[in-house]
Each structure stands twice: as C-alpha cells, then as structure tokens.
Amino acid sequence: MGPVALLTVVVLAVFVGFEVVSKVTSKLHTPLMSGANAIHGIILVGAIMVAGQASDPWVLGIALLAVVLATINLVGGFVVTDRMLEMFSGHKRPRVGTGAAIAGGTAGEGHSGNGGSGGGGAGEGR
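Residues numbered from 1 in each chain as written. Predicted model: local features only at pLDDT ≥ 70, side-chain atom pairs only at ≥ 80, totals over all residues. Heavy atoms only, no water.

Draft legend 1. Here's a closer look at the overall build of the chain. When you go through the chain residue by residue, the secondary structure sums to three helices and zero strands. Counting helices and strands in the order they occur from the N terminus, the chain gives α-α-α. In the chain, which comprises 126 residues, the share counted as buried stands at 12%. Put simply, of all contacts in the chain between residues at least 6 apart along the chain, 57% involve residues at least 24 apart. Working note: accessible area of the chain is about 10,300 Å², and carbon and sulfur atoms make up 69% of it. (Helix = DSSP H or I, 4+ residues; strand = E, 2+ residues; numbered from the N terminus. Buried < 20%, exposed > 50% of the residue type's maximum accessible area, 1.4 Å probe, protein only. Contact = heavy atoms within 4.5 Å. Areas by Shrake-Rupley, 256 points an atom, 1.4 Å probe, with all protein chains shown as cover.)

Draft legend 2. Layout of helix H3 (residues 57–88). The end-to-end C-alpha separation of H3 is 47 Å, in line with the 46 Å expected for 32 residues at 1.5 Å each. Buried within H3 we find Ala-63, Val-67, Ala-70, Leu-74, Gly-77, Thr-81 and Met-84. (Expected span 1.5 Å × (residues − 1).)

Draft legend 3. Structural view of a nonpolar patch on the surface. Together, Leu-65, Val-68, Leu-69 and Ile-72 make up an exposed nonpolar region whose accessible area comes to about 390 Å². Inspection of the secondary structure puts Leu-69 in helix H3. (Patch = residues over 30% accessible without salt bridge, like charges linked within 9 Å, V, L, I, M, F, W, Y side chains within 5 Å. Salt bridge = Lys/Arg side-chain N within 4 Å of Asp/Glu carboxyl O.)

Draft legend 4. Spotlight on the pattern of salt bridges. Taken as a whole, this structure holds one salt bridge when the rule is applied. Salt-bridge contacts for Glu-19 lead to Lys-23; the nearest nitrogen and oxygen are separated by 3.3 Å. Residue class for Glu-19 comes out partly exposed when judged on its relative accessible area of 41%. When its relative accessible area of 61% is taken as the criterion, Lys-23 is described as exposed.

Draft legend 5. Inspection of helix H1 (residues 3–22) at higher detail. For H1, spanning 20 residues, the distance from its first C-alpha to its last is 29 Å, which sits close to the expected 28 Å at 1.5 Å a residue. Taking burial as the measure, the 20 residues of H1 include zero buried ones, a minor fraction of the element.

Draft legend 6. View of the nonpolar core. Ranked by size, the top nonpolar core spans five residues in total: Leu-44, Ala-47, Val-67, Ala-70 and Leu-74. Among the secondary structure elements, those contributing two or more residues to this core are helix H2 (26–52) and H3. Per-element tally for this core: the top contributor is H3, with three residues. The contact partners of Val-67, leaving out residues within four places of it in the chain, are Leu-44, Ala-47 and Ile-48. (Core = buried A, V, L, I, M, F, W, Y, C linked by side-chain atoms within 4.5 Å.)

Draft legend 7. The environment of Val-45, seen in detail. With respect to the helices, strands and loops of the structure, Val-45 is situated in helix H2. The class of Val-45 is partly exposed, set by a relative accessible area of 47%. Note: C-alpha distance between Val-45 and Thr-71 (26 residues apart in sequence) is 9.9 Å.

Have a look at this one:
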C-alpha cells in the first residue's frame, strides 16, 4: 500500500469514527469508554514490548513516545470515565473527614438512636 492509500484510509477512519462517536447516547458512553480503556491498555503493552526489543535508536525513541502517549491516553480515559460515572450517580460520595459518618451520634452518648442496630425491645412491633 502506498502512502496516498494509507493517508486515504486514515482520513476515512477519522470521518467514520467521528460520525459513530457523535451518534452515541450518553447512557452508552461510559461502557464504551471502559472498552476503549481496555484496548488502550493492550496498545500500551504492545508499545512497551516494541520498546524492549528495539535495536535502532530511532525505533527506541518512537517506541518510547508511543509508550508515553498510550499512557496519557489510558489515564485520561479512566479520568473521563470516572467523571461520567459521578455525573450519572444519584448521590455524592461521602468524603473522609467531613463528619458525615457521625451524623447519627456515637455509641458513647447515652442513647440508642432511632431504629439503629440495637436489639429489639419488648415494645417494638415486628
């Protein structure tokens, strides 16, 4: 395949990829990103293997550039997936140290709370 044919394939792939990705609904975006992250992990492993077997310095340089770019792509995909999951979740994650865990009181305050984990008394209907 000549360079013009390869360039034509790349340009057509860009247009087809843009059209396919732009038609994806938001509900399917996160599962597709997870699949893409798995593919990027395989690409990263392949780039590491090529870098490990490179004999020429210019091949090693290109392989190391591929490792860096694949790592950036993989990490960025996980960051985007995490943000998408936070957008679609109904509640915020409690942060450590904000006092959200002690909202119901502690065991040393002298009361058992409402419907807590204490044993059922004689007056409770079950």
